[in-house]
Amino acid sequence: IDYVHSKGLTFGLYTSGGKTGCMPNRAGSRGHWQQDAQSFADWGVDWVKMDWCGGSDVHGSYSNMSKALNATGRPISLNMCEWGLQSPWEWGGNYAQSWRITKDHAGTWESTKAAIKAMMNIPREHGGRPWGWNDMDMLQTGNGPQSGYDPTPGYGPATLTEAEYVTEFSMWAIAGSPLLVTTPIMNCTMEEASADAAAKHAIFEAPCTVSLARQLSQTSCIVDDSFGCFGTQGNKTMWVDASRSGHGGDADKGCRGIFICDGVANVECNPQTPAGGNPRH
């Protein structure tokens, strides 16, 4: 936990409202509210997700954990997870800082649409506020098919595309949902998340290109002398020196022509000024 904090990150931990958690052989907090809360605080935990497997008395259980966490004196964010079954957006703020509104989210487009639809169905007056947020569940952005998945919702392995990842992350942010990244960051590498992203990055970083298609001036147009470009596809600029010989002579007597810029044809750069008119570019 100290290592996580040293990186400027917060540390989250999981428990459940039953005697066991949703995964086999994992202990829950039922009947040990104060003991568990104090342990979380002593360890330096910042965020606690309390699931609902094996739970009973949803209001009483979340109230018990909320009071126990507050009694430790350490600021700890409590996330309720009763899967939105009892409209927690109407009462969750009494106990927690965020609450799940749906069943588990998986890395598929069907699951993503279902979470967005669930959020959009919540009345506007319960749309979230400081210290009280509707949780659309943890993000799947960037996990890819290699990530594990919970078979319970029935969505199957992750199949989200690059565009769907962008949509997921954007809609979670627009809706004010907590942005909880599920990627195991200790295993992250410098490689791109997908071949699609790598290809886009390569295009973005590719150098600009420009060539002369037809010369309009008497002065010769010479690449990198009287015309050229600089930058990459993500931030590029074409330039033409319209002065004589490209070296600061008389205006309007330098290079003018029609160019091909990054594969786009018929780009005219002709700063010659017609009588009574404006320069053409």
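Everything here concerns the structure above.
As a starting point, this report considers the structure included with it. (Residues numbered from 1 in each chain as written. Predicted model: local features only at pLDDT ≥ 70, side-chain atom pairs only at ≥ 80, totals over all residues. Heavy atoms only, no water.)

## Concerning the side chain of S61
Applied cut-off: Only DSSP runs of H or I reaching four residues or more are called helices, and only runs of E reaching two or more are called strands; each is numbered from the N terminus. Three exposure classes are used, based on accessible area relative to the maximum for each residue type with a 1.4 Å probe and protein chains only: buried under 20%, partly exposed in between, and exposed over 50%. Pairing of N or O atoms within 3.5 Å defines a polar contact, subject to two protein rules: one partner must be a possible hydrogen donor and the other a possible acceptor, and residues neighboring in sequence count only if both atoms are side-chain atoms. We call two residues in contact whenever any of their non-hydrogen atoms come within 4.5 Å of each other.
In this fold, S61 is placed in helix 3 (residues 58-72). What makes S61 buried here is its relative accessible area of 6%. A distance of 2.9 Å separates a polar atom in the side chain of S61 from the backbone oxygen of S56. With sequence-adjacent residues up to four places away left out, S61 is seen in contact with W33, M50, W52 and S56.

## Overview of the pairing of strand 9 (residues 257-261)
For clarity, the cut-off: Note on pairing: DSSP must find at least two bridges between two strands before they are called paired.
In terms of burial, strand 9 is largely enclosed, as four of its five residues are buried. Bridging between strand 6 (residues 210-215) and strand 9 involves five bridges; their strand directions are antiparallel. Along strand 9, the bridge assignment pairs R214 with I258. The pairing of strand 9 with strand 10 (residues 264-269) spans four bridges and is classified as antiparallel. By the bridge assignment for strand 10, C261 is matched with V264.

## Some remarks on the environment of G31
Relative to the helices and strands, G31 is located in the loop between strand 1 (12-16) and helix 2 (33-43). A residue is classified by how much of its surface remains accessible, and G31, at 59% relative accessible area, is exposed. Counting along the chain gives 12 residues from G31 to K19, while the straight-line C-alpha distance between them is 7.6 Å.

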